[in-house]
Amino acid sequence: MTDIEKYILRIADTTLILSQRLSEWCSKGPSLEEDIALSNISLDLLGQANGLLEYVSKLNGEISPDEYAFKRDEREFYNFQICEIENGHFGDTIIRQFLIDIYFKLYYQELEKSKDETLSALATKSLKEVSYHLRHSSNWVIRLGDGTQESKDKIQKSLNNIWKYTGEFFEMDELDKKMLKEKIGVNNKTLKKDWDKLVDETLIKAKLKRPEDGYMMTGSRKGIHTEMLGKILSEMQYLPRAYPDAKW
Amino acid sequence: MQEQLFQKKIDAEQKIEPKDWMPDGYRSHLIRQISQHAHSEIIGMQPEGNWITRAPSLRAKMILLAKVQDEAGHGLYLYSACETLGISRDELNSQLHQGKAKYSSIFNYPTLSWADMGAIGWLVDGAAIVNQVSLQKTSYGPYSRGMVKICKEESFHQRQGYEIMSEMANGTKEQKEMAQDALNRFWWPSIMMFGPHDSDSPRTGNAMKWKIKRKTNDELRQDFIDKTVAQAELIGLKIPDPDLKWNEERSSYDFGEINWDEFWGVVNGNGPCNEQRLNHHIKAHEDGEWVRKAAKAYAEKQNS
């Protein structure tokens with residue numbers, strides 16, 4: 001696998017696994033409108049994953065987008081660990097989404113400037129979608145934070161629990177550095193300042209307390225994951241794995 | 001007098017609108033029918049939702065997710081149409097939870113293989129379209145307009161379902177078996193979707209006079225069977241009815257006796273998934289209560 005292929009797989013896997021998690025909400029939303037909104041976000045992310053995997057597949061020339069999605073094992077996935085955590089209650093899902101939506105927005109804004117034209121075009125398309133996702137998740141953070149005492153307690157706890165998964169957004173490993181140098185990739189470290197600012201703006205409106213940066217989960221850039229990824233994949237990949245000769 | 005004017009309008013194919021006078025029986029019939037239709041869309045999300053996380057390709061996953069989302073959207077239009085008759089969504093929801101309102105019995109059957117996603121699209125949406133095409137001409141304006149919108153999407157779903165069936169029927173040995181098995185399990189429940197025979201359908205009378213329904217249960221069922229048999233043959237699947245035979249005189253298919261005991265059993269709560277579907281819906285509603293309360297409290301703070 002070339003460097004750029006691996007770099008794109010990181011974004012593709014992040015959108016794919018998050019989409020998979022969100023799709024579990026289908027028919028379980030707190031209202032019909034929210035059911036539709038969560039499926040919609042899931043569908044957008046799946047579309048992003050598909051576009052990215054098609055590009056990796058084109059660069060690679062041998063592996064199809066479906067094979068990337070359905071035939072790799074845990075250690076060959078490079079999504080952020082935040083995507084793997086269980087949906088929990090609606091507030092848990094909203095916090096997970098809010099924290100990553102801001103990241104996506106800032107990341108895609110930078111990726112838009114990539115000298116790789118396909119990546120830049122995919123970033124532009126995705127940016128429109130994640131701006132809408134961010135509006136949706138921020139509005140809910142505010143409503144739940146400043147709603148009832150119960151909702152405030154719940155979502156503050158979600159925020160505290162999920163915070164440790166945000167460190168991965170801003171890491172720079174050798175591959176990130178190389179891609180940055182080649183003007184293909186993004187400087188993740190510099191995203192942190194704006195991310196902090198955008199997070200704080202909403203948390204203030206929501207009357208929520210920002211958790212301290214403490215221990216942060218790490219490893220996804222090396223294919224290290226939580227134990228939950230294996231279960232997600234065994235569900236997601238079951239049919240193509242069980243019937244390898246079948247076309248669907 | 002009012003009733004005569006109302007009937008005159010109906011006979012002249014004019015639409016009845018929410019603010020127009022209407023007989024109580026017309027209103028209650030519509031509420032029952034539209035809410036049943038809305039609930040079917042919503043409960044119908046479950047058997048298909050059961051396979052979203054296991055869809056076998058990226059494309060299949062996108063199509064299924066979009067389809068289930070369309071169904072939620074249909075539910076929304078239909079609840080809105082129903083609300084124009086003076087009933088709230090909360091009331092409709094609670095009628096569903098109390099078992100007072102029904103939904104299509106077809107969704108009380110389990111989805112056991114990926115081919116079931118094909119069978120539901122092809123047969124269940126196919127049957128729904130036959131019914132809904134005729135309902136585009138229903139006399140109540142908001143319902144009729146909702147149907148026009150819904151029909152476009154449903155015919156898309158039906159084609160996608162047929163595509164899954166066709167691919168599987170022409171796929172590996174296992175895929176073909178799954179496809180035939182899905183057809184075997186969903187065929188009879190699908191043709192039951194049109195309801196009891198006209199002779200046993202107590203409510204058909206006024207519904208036809210008021211032009212809420214434009215075709216009887218038996219007419220719709222026959223339309224569906226006549227157009228579906230050829231589709232099955234084309235992809236090499238066998239309809240599980242030994243009595244199915246083309247009748248030259250009627251230019252229609254004759255078909256075997258429907259198991260009405262099973263039909264009424266499932267309608268009255270004794271189907272394989274009745275309890276599961278309803279409990280799932282109730283649980284989602286209860287789990288979301290704190291969220292709805294918070295949204296309400298927040299909105300009130302903004303307005304005060």
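Residues numbered from 1 in each chain as written. Chains lettered and ligands numbered in written order. Predicted model: local features only at pLDDT ≥ 70, side-chain atom pairs only at ≥ 80, totals over all residues. Heavy atoms only, no water.

Caption draft 1: Structural view of the overall build of chain B. For chain B, the helix and strand inventory stands at 13 helices and 2 strands. For a compact globule of 304 residues, the expected C-alpha radius of gyration is about 19 Å, and chain B comes in at 20 Å, within 12% of that figure. A principal-axis box enclosing the C-alpha atoms of chain B has dimensions of 65 × 50 × 35 Å. Total accessible area on chain B is roughly 13600 Å²; 51% of this is exposed by carbon and sulfur atoms. (Helix = DSSP H or I, 4+ residues; strand = E, 2+ residues; numbered from the N terminus. Rg over C-alpha atoms; globule rule 2.2 N^0.38 Å. Areas by Shrake-Rupley, 256 points an atom, 1.4 Å probe, with all protein chains shown as cover.)

Caption draft 2: Fine view of the overall build of chain A. The number of helices and strands found in chain A is 10 helices and 0 strands. Each helix and strand of chain A, placed in order from N terminus to C terminus, yields the pattern α-α-α-α-α-α-α-α-α-α. Taken against the 2.2 N^0.38 rule, which gives 18 Å for 248 residues, the C-alpha radius of gyration of chain A at 18 Å falls within 12% of a compact globule. The C-alpha extent of chain A, read off along each of the three principal axes, is 55 × 40 × 30 Å. The buried share among the 248 residues of chain A stands at 60%. Long-range contacts, defined as pairs at least 24 residues apart, comprise 80% of the intrachain contacts of chain A with a sequence gap of at least 6. If you sum the accessible surface of chain A, you get close to 10500 Å²; carbon and sulfur atoms cover 51% of it. The averaged location of the 42 negative side-chain charges in chain A is 4 Å from the averaged location of its 37 positive side-chain charges. (Buried < 20%, exposed > 50% of the residue type's maximum accessible area, 1.4 Å probe, protein only. Contact = heavy atoms within 4.5 Å. Lys, Arg positive; Asp, Glu negative; His and termini not counted. Charge placed at Lys NZ, Arg CZ, Asp CG, Glu CD.)

Caption draft 3: The arrangement of helix α11 (residues 260-267) of chain B in detail. All names here are of chain B. Among the residues of α11, Trp260, Phe263, Val266 and Val267 are the ones counted as buried. All buried residues of α11 project into a common sector of 130° when viewed along the axis, lining one side. Here α11 starts with a cap whose side-chain oxygen sits 3.2 Å from the backbone nitrogen of Asp261, and that cap is Asn259. Once α11 finishes, Gly269 follows within two positions and takes phi at roughly 105°, a positive value. (Arc of directions from axis to C-beta. Polar contact = N/O pair within 3.5 Å; in protein donor to acceptor, adjacent residues only side chain to side chain.)

Caption draft 4: Spatial organisation of the environment of A:Pro244. By the element assignment, A:Pro244 lies in the segment after α10 (238-242). For the pair formed by A:Pro244 and A:Ile8, sequence separation is 236 residues and the distance between their alpha carbons is 26 Å.

Caption draft 5: Region of the structure containing the interface of chain B and chain A. Counting residues at the interface gives 44 residues for chain B, matched by 48 residues for chain A. Here chain B meets chain A over a buried area of about 3900 Å², counting both sides, of which 72% is carbon and sulfur. At the junction of chain B with chain A, the criterion picks out 2 salt bridges. Note that A:Asp146 is salt-bridged to B:Lys301, the shortest N-O span being 3.0 Å. In this structure, the connection of chain B to chain A is made through 12 residue pairs in polar contact (both at pLDDT 80 or more). Of all the secondary-structure elements, those providing two or more residues to the side of chain B that touches chain A are α3 (45-52), α4 (58-83), α7 (141-169), α8 (173-192), α12 (274-287) and α13 (289-303) of chain B. A total of 12 residues in the side of chain B that touches chain A trace back to one element, the largest contributor, which is α4(B). Class assignment for the residues of the side of chain B that touches chain A results in 24 nonpolar, 12 polar and 8 charged. (Buried area = accessible area lost by both parts, 1.4 Å probe. Salt bridge = Lys/Arg side-chain N within 4 Å of Asp/Glu carboxyl O. Nonpolar A, V, L, I, M, F, W, Y, C, P; charged D, E, K, R; others polar.)

Caption draft 6: Geometry of the environment of A:Glu34. Residues and elements named next belong to chain A. With respect to the helices and strands, the residue Glu34 is situated in helix α2 (residues 32-60). Residues in contact with Glu34, not counting those within four places in the same chain, are Phe90, His136 and Trp140. Of the polar contacts made by the side chain of Glu34, one reaches the side chain of Trp140; its length is 3.0 Å.

Caption draft 7: Summary view of the packing of helix α1 (residues 3-23) of chain A against helix α4 (residues 90-111) of chain A. Residue and element names in this part refer to chain A. Orientation of α1 relative to α4, taken along the N-to-C sense of each, is 150°, at an axis distance of 13 Å. Classified by the interaxial angle, the pair formed by α1 and α4 is roughly antiparallel. Note on packing geometry: the crossing formed by α1 with α4 is left-handed. Contacts between α1 and α4 involve Tyr7, Ile11, Thr14, Thr15, Leu18, Arg21 and Leu22 on the former and, on the latter, Thr93, Arg96, Gln97, Ile100, Phe104, Tyr107, Tyr108 and Leu111. Of the residues contributing to the contact of α1 with α4, the split by class is 9 nonpolar, 4 polar and 2 charged. (Axes fitted to C-alpha atoms, helices over the stretch in contact; angles between N-to-C directions. Parallel < 35°, antiparallel > 145°, perpendicular 65-115°, else oblique. Left-handed = near helix turned anticlockwise from the far one by under 90°.)

Caption draft 8: Up close: the nonpolar core. In terms of nonpolar packing, the biggest core is built from 167 residues, with A:Ile82, A:Leu99, A:Trp195, B:Tyr26 and B:Trp114 touching the most fellow members. Residue contributions to this core peak at 13 residues, all from α4(A). Those residues within four positions of A:Trp195 in sequence are excluded, and the remaining contacts are A:Leu99, A:Ile102, A:Tyr103, A:Leu106, A:Trp163, A:Thr166, A:Phe169 and A:Phe170. (Core = buried A, V, L, I, M, F, W, Y, C linked by side-chain atoms within 4.5 Å.)

Caption draft 9: Broad picture of the pattern of salt bridges. Evaluated as defined, the whole model comprises 35 salt bridges over all chains. Note that B:Asp181 and B:Arg185 form a salt bridge whose closest N and O atoms lie 3.0 Å from each other. Here B:Asp181 pairs with B:Arg185, and both are found in helix α8, just 4 residues apart, close to one helical turn. When salt bridges with common partners are traced through the structure, they connect A:Arg10, A:Glu171, A:Asp173, A:Asp176 and A:Arg221 into a single cluster.

Caption draft 10: Summary view of the packing of aromatic side chains. A full pass over the atoms with the stated rule returns 25 aromatic pairs over all chains. Between the aromatic rings of A:Tyr243 and A:Trp248, the centroid separation amounts to 6.2 Å while the plane-to-plane angle is 70°, which identifies the pairing as edge-to-face. The class of A:Tyr243 is partly exposed, set by a relative accessible area of 25%. With a centroid separation of 5.2 Å and 85° between ring planes, the pair formed by B:Trp260 and B:Phe263 is classed as edge-to-face. Linking B:Trp260 with B:Phe263, this pair stays in helix α11, spanning 3 residues, or about one helical turn. No difference in accessibility class separates B:Trp260 from B:Phe263, as the two residues are buried. Linked through ring pairs, A:Phe80, A:Tyr103, A:Phe104, A:Tyr107, A:Tyr108, A:Trp163, A:Phe169, A:Phe170 and A:Trp195 together constitute an aromatic cluster. (Phe/Tyr/Trp six-rings, centres within 6.5 Å; stacked < 30°, edge-to-face > 60°.)

Caption draft 11: Up close: the environment of A:Thr124. Residues and elements named next belong to chain A. Tracing the sequence through the fold places Thr124 in helix α5 (residues 117-145). Along the primary structure Thr124 and Gln109 are separated by 15 residues, whereas in three dimensions their C-alpha atoms are 7.7 Å apart. In terms of polar contacts, Thr124 uses its side chain to reach the side chain of Glu112, at 3.0 Å.

Caption draft 12: Looking closely at helix α5 (residues 89-97) of chain B. Residues and elements named next belong to chain B. Residues of α5 that are buried include every one of Leu92, Asn93, Leu96 and His97, and no others. End-on view of α5: buried residues confined to an arc of 140°, all on one side of the axis. On its buried side, α5 packs onto α2 (24-43), α4 and α12. Looking one or two residues past α5, Gly99 carries a phi angle of roughly 80°, positive in sign.

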